[in-house]
Amino acid sequence: MTTTFEKLSSNKVKLGFAVEPEKFDEGLQTAYRKLVRQISIPGFRRGKAPMRVIESHYGPSVFYEDAFEAIFPEIYRAGLEEHGVEPVDSPELDIEQIGRGKELKFTVEVFVRPDVKLGEYKNLGLKKEVAEVTDDDVNADIERARERAARYVEITDRPAKLDDQVNIDYAGYLGDVQFDGGTATGHDLVLGSGSFIPGFEDQLVGAKVGDEVNVNVTFPEEYHAEELAGKPVVFKVKVNSIREKDVPALDDDFVTEVSEKANTVDEYRAEIREKLEKRAEDNADRAFEDAVLDAVSDNAEVDIPKAMIDDEVTAMLRDMEMRLAYQGMKLDDFAKYTGQTVDQLREQYRPGAEERVRKNLVLEAVMKAENIAATDEEVDKEIADYAARSGQKPEDLRKAIGEDGVKRFAEMASLKKTVDFLKANAE
């Protein structure tokens, strides 16, 4: 067998094959054995008709298609290996010559991982900007912690006010008719939370325990229940109890309740500041990394085959399907719930998939240009980190993933190292 190689574009190649007649004859014998039991020839029992008789009856090309299919995978794989071609899609086939006793000639055109023409990827004029953590930021975080620790305490000596939690029974009426879905007993409602129709909560301000209040409101024009949309209604409400929010004081007792390390207010402030500074650093690092990768990707030229984007969309949808499965939901059900089809979801994911493929290709090109490769120690760390996250021992994970899995971890570690290189050289 002889093969030829031609590069058609940055992402497509053409391979030519000339295969000795004997190889195609092997394929004919395979096709004959496969099909003979399906062919009926007068004068022969099913499955016993000789090949030549079948060919004379149905024509000499009766076995050609199956013969070609029988030998193509081995031939194609050998051609790919010979020329170092890594296809990303199914090949387009053109048979130029086929027949018994003839040299089999055909070509395939196939999309491959595209060439990447790198632009500027160093000295980008970018730097990490870390937001300053102020005293106001620390105070605001502490106030949120106090709010989370707040409890509602029942009161009887005053009427309800905003921010109180009232327990109510209510029934909604459209005219004189009570409507579906507008009735509840023992419902807790925080006044001013905006949980109910606009105007409802305000009309309970000033009510006392045991009061019965007629709350007059109008449903929004875009309300989901068409029979109520835009309609004025009356809710007959009874106030069962009133509870006042009790926010704990900022003292050492509060600190020991909410912190595992701090014992005093000053120690707690220092802990909160450290947490916020770490968060600011992490946010800045992510933003900086995104900016660097965006710039390097935008500066590069790459023509991505559609099949690579399709594969990435499929992978993203598969990840989504797994996340939904943990919630007891199927992808089709989620699509219906959001008023879409799975095909529409695929189109939604396409721009993000294209961006991910592009960035990965550009990163790989930088890695190759700079001869970046992870060390054995860095690969070991990548495996150990993953094992720790998944509750496994590194040695057990290595056995489970095998040599190919270790190679994938090496690629991941090398890509991370490339990202670190780009960030270090971004200014």
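Definitions and cut-offs
Residues numbered from 1 in each chain as written. Predicted model: local features only at pLDDT ≥ 70, side-chain atom pairs only at ≥ 80, totals over all residues. Heavy atoms only, no water. Pairing = 2+ DSSP bridges. Helix = DSSP H or I, 4+ residues; strand = E, 2+ residues; numbered from the N terminus. Axes fitted to C-alpha atoms, helices over the stretch in contact; angles between N-to-C directions. Contact = heavy atoms within 4.5 Å. Buried < 20%, exposed > 50% of the residue type's maximum accessible area, 1.4 Å probe, protein only. Arc of directions from axis to C-beta. Polar contact = N/O pair within 3.5 Å; in protein donor to acceptor, adjacent residues only side chain to side chain. Salt bridge = Lys/Arg side-chain N within 4 Å of Asp/Glu carboxyl O. Expected span 1.5 Å × (residues − 1).

Peer 1: Can you lay out the sheet that holds strand β4 (residues 104-111) for me, pointing to particular residues and giving the numbers?
Peer 2: Taken in spatial order, the four strands of this open sheet run β1-β2-β4-β3, and their pairing is antiparallel. Every other strand in the sheet has two partners, leaving β1 (2-9) and β3 (92-97) as the edge strands with one partner each. Averaged over all pairs of adjacent strands, the angle between their axes in this sheet comes to 15°, without regard to strand direction. Sheet topology places β3 next to β4; five bridges connect them, and they run antiparallel. Opposite I95, over in β4, you have F106 as the bridge partner. On the sheet, helix α3 (residues 64-83) packs against β1, β2 (12-19), β3 and β4 and is oriented at approximately 60° with respect to β4.

Peer 1: For helix α2 (residues 51-58), give the residues involved together with the corresponding values.
Peer 2: M51, I54 and E55 are the residues of α2 that are buried. Taken down its axis, α2 places every buried residue within 100° of arc, on the same side. Of the exposed residues in α2, the ones pointing more than 90 degrees away from its buried face are R52 and S56. On its buried side, α2 packs onto α1 (21-35). Directly after α2, the chain includes G59, whose backbone phi takes a positive value near 105°.

Peer 1: Can you break down the side chain of D141 residue by residue, with the values?
Peer 2: Examined against the element boundaries, D141 turns out to sit in helix α4 (residues 135-148). Separated by 2.8 Å, the side chains of D141 and K275 make a polar contact. Excluding its chain neighbours within four sequence positions, the residues that come into contact with D141 are I272, K275, L276 and R279.

Peer 1: How would you summarise the pairing of strand β10 (residues 232-246) if you had to cite specific residues and measurements?
Peer 2: Where strand β6 (residues 151-155) lies against β10, five bridges are found, and the strand directions are antiparallel. Note that in β10 the partner of R151 across the bridge is D246. Bridging between strand β7 (residues 165-174) and β10 involves nine bridges; their strand directions are antiparallel. Each bridged residue has a counterpart across the sheet, and for A171 the counterpart in β10 is K236. With seven bridges connecting them, strand β9 (residues 212-218) and β10 associate as antiparallel partners. Residue pairing in the sheet places T218 in a bridge with P232 of β10.

Peer 1: Any details on the pattern of salt bridges? Residues and values, ideally.
Peer 2: Pairing between side chains becomes possible if they bear opposite charge and their charged atoms approach one another. One pass over the structure, following the stated rule, counts 36 salt bridges. E244 is the partner of R158 in a salt bridge, and the nearest nitrogen-oxygen pair spans 2.9 Å. Within this pair, whereas R158 is found in the loop between β6 and β7, its partner E244 is found in strand β10, the two being separated by 86 residues in sequence. Residue D385 is joined to K381 by a salt bridge in which the shortest nitrogen-to-oxygen separation is 2.8 Å. Separated by four residues within a single helix, D385 and K381 lie in helix α10 (residues 376-389), roughly one turn from each other. Judged by relative accessible area, which is 31%, D385 ranks as partly exposed. By relative accessible area, which is 53% here, K381 ends up exposed. By sharing partners, the salt bridges in this structure join K128, E281, D285, E289 and K423 into a single network.

Peer 1: How would you summarise helix α7 (residues 306-326) if you had to cite specific residues and measurements?
Peer 2: Because an α-helix packs 3.6 residues into every turn, residues spaced three or four apart end up facing the same way. Look at α7: 31 Å from first C-alpha to last across 21 residues, which is about the 30 Å you get at 1.5 Å a residue. Turning to α7, its buried residues are A307, M308, I309, D310, E312, V313, M316, L317, M320 and L324. Structurally, α7 contributes buried residues whose contacts are with α8 (331-337) and α9 (342-369). Just downstream of α7 lies G328, where phi reads positive at about 75°.

Such coordinate-based values are descriptive only and should not be taken to indicate function.
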